[in-house]
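Examination of the molecular architecture
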Amino acid sequence: MKITNIEKQKNDNMRFNVYIDDKYAFSVSYEEKEMFKLESGVEIDKEQYNYYVNYLVFKNAYNDAIRILSYAMKTKKELCEKLRLKGYSDSVISDVINKLIDLHYLDDEYYAEVYVKEKKERLFSKYRIYNELIRKGIEPSLIEIKLCELYDNEVEVIQKLIRKKSVSSNDKLKIKNYLYRKRFKIEDINKVLSDEEVY
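A brief report on the enclosed structure follows.

1. Some thoughts on the pairing of strand β1 (residues 3–9)
Summarising the sheet, β1 and strand β2 (residues 12–20) pair through six bridges and their orientation is antiparallel. Bridge pairing in β2 places Ile 6 opposite Val 18. If you look at the hairpin formed by β1 and β2, you'll find two residues sitting between the two strands.

2. A short note on the sheet that holds β2
A sheet is described by the order of its strands in space; here three strands give the open sequence β1-β2-β3, paired in antiparallel fashion. The open sheet has two edge strands, β1 and β3 (23–29), and neither has a second partner. Strand-to-strand twist in this sheet, taken as the mean axis angle between neighbours without regard to direction, amounts to 25 degrees. Of the strands in this sheet, β2 and β3 are in contact with helix α2 (residues 46–71), which crosses β3 at around 55 degrees.

3. Focus: the side chain of Asp 64
Residue placement: Asp 64 occurs in helix α2. You can call Asp 64 buried: its relative accessible area is 13%. Contacts of Asp 64, omitting those with residues within four sequence positions, involve Leu 83, Lys 86 and Tyr 88.

Calculation criteria
- Residues numbered from 1 in each chain as written.
- Predicted model: local features only at pLDDT ≥ 70, side-chain atom pairs only at ≥ 80, totals over all residues.
- Heavy atoms only, no water.
- Pairing = 2+ DSSP bridges.
- Helix = DSSP H or I, 4+ residues; strand = E, 2+ residues; numbered from the N terminus.
- Axes fitted to C-alpha atoms, helices over the stretch in contact; angles between N-to-C directions.
- Contact = heavy atoms within 4.5 Å.
- Buried < 20%, exposed > 50% of the residue type's maximum accessible area, 1.4 Å probe, protein only.

Right, dumping it as structure tokens:
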């Protein structure tokens, strides 16, 4: 294989399209062009070609991952799904995920911790938090640990919800149904509703 042409891109003078055997092969930055020593007329073998392509695909996937994470925290599962939608292979995604974990840019344990704290403040039930984290790909055992560490008393959350809704003692059935729909445990609901001090 021979590099037959290297041309600047029309919209970016610092990026180049590389042609091999008169066919477009890939695009590189100026730094990558210099690093790979890419010049017209240079012969490359299949191993070199694969190295260039794999390097560039990984770099693009990594940059896309960083861009996604810059908007909001993600779990491993969520980031994998986002990268898969962009067309990256499972092997490339796996390499990117591993690098991000090594750099502590991706951490499911920390994500679960932040999520539990935030949703408890928003008066979510444990059941709802658990199921939402399951959908996000967090391991069940990890969710249980974080709930145990950070969310030990649902009764307090139920009391806050009742105060927030400003219900009276005549609305017990209404509030009971409301709390049940929020997926709080029936025994905790009954405990709070039997305490006249709540009102």
